[in-house]
Amino acid sequence: MIKAIKGFNDILPDQSAKWLHLESILADVLGRYGYEHIRLPIVEQTDLFARAIGGATDIVEKEMYSFTDKSEPPTPLALRPEGTAGAVRAVIEHNLLRGDTPKLWYIGPMFRYERPQKGRYRQFHQLGVESFGSALPDADAELIAMTHLMWQELGLKDEMRLELNSLGELDERHAYREALVAYLTDKQGQLDEDSKRRLTTNPLRILDSKEASTQALLAEAPKLAEFLGAESKAHFEQVQAYLTALGIEFEINPHLVRGLDYYNKTVFEWVTDKLGSQATVCAGGRYDGLVGQLKSIGTSDDKAVKSEPAVGFAMGLERLLLLIDAVSPIAELPACDIFVVAHPEVYSAGISYAQALRYSRPDLRVKMASATSLKAQMKKADKSGAALTVIIAQQELDDNTISIKDMQTGEQKTVAQDWLSTKDNFVR
Ligand code: HAM
């Protein structure tokens, strides 16, 4: 038998209702902030991700699903590992930045060739937000405040901890990078294998190493905060001041560096202790250089290309659902409220009754079984989870009535045919 690929999961009907519920709460909050929805392709040119996320990141180096298509010459393509690169490509390509400051959100599957475990999959789903056009710290604070409201609406407010850091500007980070490499080069022998490799490829990632011995070495290392210029510092302080004014608690984590290269200034993560090692539920930050960097591809004069400030985040929906299940599970609703059973000889009248009911009571979910025997249909009704079964046979049709069975008590009675049209007679 052919099975699903490792790390690619089916979301079955007993789970999908929770997904829809989660997605509707998140979309509602986004609407309350005036953010607009955008739908982006799942496949993009590999180069887009390599340039945006960074050639020396784990995502681009090890985790991309890349392939070539059948065009001549073949184009290197990749399944998107994240949404920011595609969103930036789209706003540039469609001139959405001209005279406007789009605030966009997207939702959908992302793909990374990671080792699957609880909370980490090869196909996973993100809801992401990208806010363009403001270099000011209020844009950072607004996004964080919005996620804060999302946790509130999902009953997760007490499970989330906000970690913040500032990565400063590129030149500040470069100066820090040199200082860090100089400090660690002498002590290479004491570094774990991954960090040793990163010393030449992506030294800042050493800061979030999980190895205790590496963390011990870092205690005495130069600090990124000491390399920030006045502008970066003021920006970071203002973000913190806004959050304090909004009553949103946070911790500064000087080792928070993120796994994608496009960030500058503010970075943040919402973490929980309820999900073991896959603790980050939502993460993001500012990326003021990315629009300019992607715009300048193929142009000879980099300086002529104006960037556009931006800030964004993405949350992992599987992780959010695991967390919701751990703390306040979403009650499972049965797939139907009313089950209509009709004698095979008057089945057509049964279909008409169910159809009319769906028109008159859009608040109800009405199901029928196929035109088998009454007994077989009643069995289906028993299993359906419906609160009420409507039974229609010749006698009922002659009398303009229906029989109704309360599925909880088993009590059955005959009522007028239009009984369910009166909303008070049956409330879901
Ligand atoms: P990221 O930190 O790579 O950031 O991913 C964001 C979130 O996606 C993570 O915090 C996690 O909840 C979820 N996630 C990532 N990988 C997996 C996986 N293999 N399985 C399950 N969940 C996963 C980004 O993707 C950036 N594009 C966020 C952003 C938007 N920054 C600015 N704008």
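Check the entry above for the structure.
Residues numbered from 1 in each chain as written. Predicted model: local features only at pLDDT ≥ 70, side-chain atom pairs only at ≥ 80, totals over all residues. Heavy atoms only, no water.

Which residues make up the nonpolar core, and what values go with them?
Residues Phe132, Leu180, Leu184 and Tyr262 are the most contacted members of the largest nonpolar core, which totals 47 residues. At the level of elements, helix H2 (46–53), helix H3 (58–62), helix H4 (84–93), strand S5 (103–111), strand S6 (123–132), helix H6 (170–185), helix H8 (212–218) and helix H10 (290–295) are the ones that each hand at least two residues to this core. Per-element tally for this core: the top contributor is H4, with five residues. Sequence-distant contacts of Leu180, that is, excluding residues within four places in its chain, are made with Pro203, Leu204, Leu207, Leu218, Ala221 and Pro222. (Core = buried A, V, L, I, M, F, W, Y, C linked by side-chain atoms within 4.5 Å. Buried < 20%, exposed > 50% of the residue type's maximum accessible area, 1.4 Å probe, protein only. Helix = DSSP H or I, 4+ residues; strand = E, 2+ residues; numbered from the N terminus. Contact = heavy atoms within 4.5 Å.)

How would you summarise the pattern of salt bridges if you had to cite specific residues and measurements?
Overall, the coordinates contain 27 salt bridges when judged by the stated rule. Glu44 is the partner of Arg89 in a salt bridge, and the nearest nitrogen-oxygen pair spans 2.8 Å. Pair noted here: Arg89 is in helix H4 and Glu44 is in strand S2 (residues 43–45), with a separation of 45 residues, a long-range link. Exposure remark for Glu44: the relative accessible area of 8% places this residue in the buried category. (Salt bridge = Lys/Arg side-chain N within 4 Å of Asp/Glu carboxyl O.)

Tell me about the environment of Asp363, and name the residues and values.
Mapped onto the elements of the fold, Asp363 is located in the loop between helix H12 (347–360) and strand S13 (366–368). Asp363 gets classed as partly exposed once you look at its relative accessible area, which sits at 28%. Along the primary structure Asp363 and Tyr242 are separated by 121 residues, whereas in three dimensions their C-alpha atoms are 42 Å apart. Setting aside residues no more than four positions away along its own chain, Asp363 makes contact with Asp337, Lys423 and Arg428. A distance of 2.9 Å separates the side chain of Asp363 from the side chain of Arg361, its partner in a polar contact. (Polar contact = N/O pair within 3.5 Å; in protein donor to acceptor, adjacent residues only side chain to side chain.)

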